[in-house]
Amino acid sequence: MEEKQERVERATIILHSGEMDKLYSALIIGNGAVAMGMEAYIYFTFWGLERLKKGGLEGGKLSRMHLLGLGKWMIKRRMQQANVASLRKLLTDFKELGGHVMACDMTMEIMGIGREDLEQEFIDEYCAVGTYIQAARDSTVTLFI
Amino acid sequence: MEEKQERVERATIILHSGEMDKLYSALIIGNGAVAMGMEAYIYFTFWGLERLKKGGLEGGKLSRMHLLGLGKWMIKRRMQQANVASLRKLLTDFKELGGHVMACDMTMEIMGIGREDLEQEFIDEYCAVGTYIQAARDSTVTLFI
Amino acid sequence: MEEKQERVERATIILHSGEMDKLYSALIIGNGAVAMGMEAYIYFTFWGLERLKKGGLEGGKLSRMHLLGLGKWMIKRRMQQANVASLRKLLTDFKELGGHVMACDMTMEIMGIGREDLEQEFIDEYCAVGTYIQAARDSTVTLFI
């Protein structure tokens, strides 16, 4: 924090929402940040954390996209045509590029989610708000999604 | 605010949403920030401000939690078991730790909300976007919830 | 962007949501920022970009305002009484004050939106996440709406 000249810039995203489109936005921004040489942290909490449950990445509902009459099959096909990767691929890329994934342990307790329920290979740490604040206070980009 | 070297770090949160889980996120982050020595400002606007009406903190609806089949009684019980304080307790703690609460006066005018309708003991100032920008431009963490 | 000492402060907003109240918040904050001497960038993506389609600014639905029993006519009347400009007026002002509008080209491809479908006179550039990151990393205020 003190040496502003030398530290790597960081983007820290809280992913509170669980909708597919919000998850896409979070991962596309996270991947964009690491691809451009920044650090990127995503803190999964509330409905966002639910998407890290086994089967949660692709199994989730489409939210408003569905209301607009674009079915799951259609939107996936259009995303493939636009060369947009799946959520699983985006998250895998994010990790391989050095992105950092945090899981909210308060959400786990409230929702009754155990570590064995989560896709643990994606998760770097199980933590609380203090760890988020520590990451965010040194970030140049902070978002709540 | 002018002396960047010496100033205390600040988190400034716009609370636009009124859902219980969003309110929890805003207050948990705000409390985390002040507990770690930062300043924290929350600007209540639109549906967020409605929750500052008398009876609004605990009276609000559960949003998606309800859709997932977790009733109000159940979610409150789980939060108690996880030692998560009530929204009123979190807001009281936030204020006692030095947190700053701003109420959007444009929302009050549009929604027909008078000061006497609000829990005034929590509110530090009634103001508009200019005051928010002034607080946010000196913040290291800025969030829209 | 390279000369950190002398650069103008900037607010960079991602507008992901399409609800009228979220659009109001984004534009009011953006206008507040430019009015106070900051740069302001708004990156329209997903449902936010849909509101830049011809007829999309005023044609959109009211989201939760409607659920609360405030009809479109009522809310517009109240906003007029409170001297809140229309979305079109706010966006026009934003542009005239020097605000910068970016349209997400991935959204255009997925949603099948052509440039001819959009209100092109408001749009400064059609771009992707890399352009957003470049704008955001030099910003003092970053928001996801």
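Bear in mind that the values here come from a model prediction, so they are computed numbers and not experimental data.

Engineer: For this particular structure, what's the right way to read the relation of the copies chain C and chain A?
Structural biologist: Two copies of the chain are present, and they differ by a rotation about an axis and a shift along that axis. Aligned on chain A, chain C shows an RMSD of 0.0 Å; the corresponding rotation is 120° and the shift along the axis is 0.0 Å. Here the symmetry operator amounts to a three-fold rotation axis. A distinct binding surface is used by each copy, with only 13% of the interface residues of chain C retained as interface residues in chain A.

Engineer: Help me out: how do you make sense of the interface of chain C and chain A in this one?
Structural biologist: It is common to give the size of an interface as the accessible area lost on bringing the parts into contact. In this complex, chain C contributes 15 residues to the contact, which on the side of chain A involves 20 residues. For the side of chain C that touches chain A, the elements supplying multiple residues, two or more each, are helix 2 (46–50), helix 7 (105–111), helix 8 (129–136) and strand 5 (141–144) of chain C. Per-element tally for the side of chain C that touches chain A: the top contributor is helix 8 of chain C, with 5 residues. Its residues assigned to classes, the side of chain C that touches chain A comprises 9 nonpolar, 4 polar and 2 charged.

Engineer: Hey, could you run me through the interface of chain B and chain C in this one?
Structural biologist: Taken together, the contact between chain B and chain C spans 14 residues of the former and 20 residues of the latter. When residues of the side of chain B that touches chain C are traced back to their parent elements, those giving at least two are helix 2 (46–50), helix 7 (105–111), helix 8 (129–136) and strand 5 (141–144) of chain B. The leading source of residues in the side of chain B that touches chain C is helix 8 of chain B, at 4 residues. Its residues placed into classes, the side of chain B that touches chain C shows 8 nonpolar, 4 polar and 2 charged.

Engineer: Help me understand the relation of the copies chain B and chain C, please; the structure alone is not making it clear to me.
Structural biologist: Once chain B is rotated about the relating axis by 120° and shifted along it by 0.0 Å, it coincides with chain C to within an RMSD of 0.0 Å. A share of only 14% of the interface residues of chain B reappears at the interface of chain C, consistent with the copies meeting through non-equivalent patches.

Engineer: Is there a simple way to think about the sheet that holds strand 3 (residues 100–104) of chain C in this case?
Structural biologist: Sheet strands line up and pair through hydrogen bonds in the backbone, either parallel or antiparallel. All names here are of chain C. Taken in spatial order, the 5 strands make up an open sheet running 4-3-2-1-5, and their pairing is parallel. At either margin of the open sheet sits one strand with a lone partner, and together these are strand 4 (125–127) and strand 5. Pairs of neighbouring strands in the sheet enclose a mean axial angle of 20°, with direction left out of account. Strand direction decides the pairing type here: strand 3 and strand 4, joined by 3 bridges, are parallel. Residue methionine 102 lies in a different strand from strand 4, and its bridge partner there is glutamate 125.

Engineer: Explain the sheet that holds strand 5 of chain B to me, please; I cannot follow it from the model alone.
Structural biologist: Residue and element names in this part refer to chain B. Read from one edge of the open sheet, 5 strands run 4-3-2-1-5, paired in parallel fashion. In the strand order of this sheet, the two ends are held by strand 4 (125–127) and strand 5, each with one partner. Averaged over all pairs of adjacent strands, the angle between their axes in this sheet comes to 20°, without regard to strand direction. Sheet topology places strand 1 (residues 10–15) next to strand 5; 4 bridges connect them, and they run parallel. Bridged to alanine 11 within strand 5 is valine 141. Here helix 8 sits on the sheet in contact with strand 1, strand 2 (39–44), strand 3 (100–104), strand 4 and strand 5, set at roughly 145° to strand 1.

Rules of the game
Residues numbered from 1 in each chain as written. Chains lettered and ligands numbered in written order. Predicted model: local features only at pLDDT ≥ 70, side-chain atom pairs only at ≥ 80, totals over all residues. Least-squares fit on C-alpha atoms with pLDDT ≥ 70 in both. Contact = placed C-beta atoms within 7 Å. Helix = DSSP H or I, 4+ residues; strand = E, 2+ residues; numbered from the N terminus. Nonpolar A, V, L, I, M, F, W, Y, C, P; charged D, E, K, R; others polar. Pairing = 2+ DSSP bridges. Axes fitted to C-alpha atoms, helices over the stretch in contact; angles between N-to-C directions.

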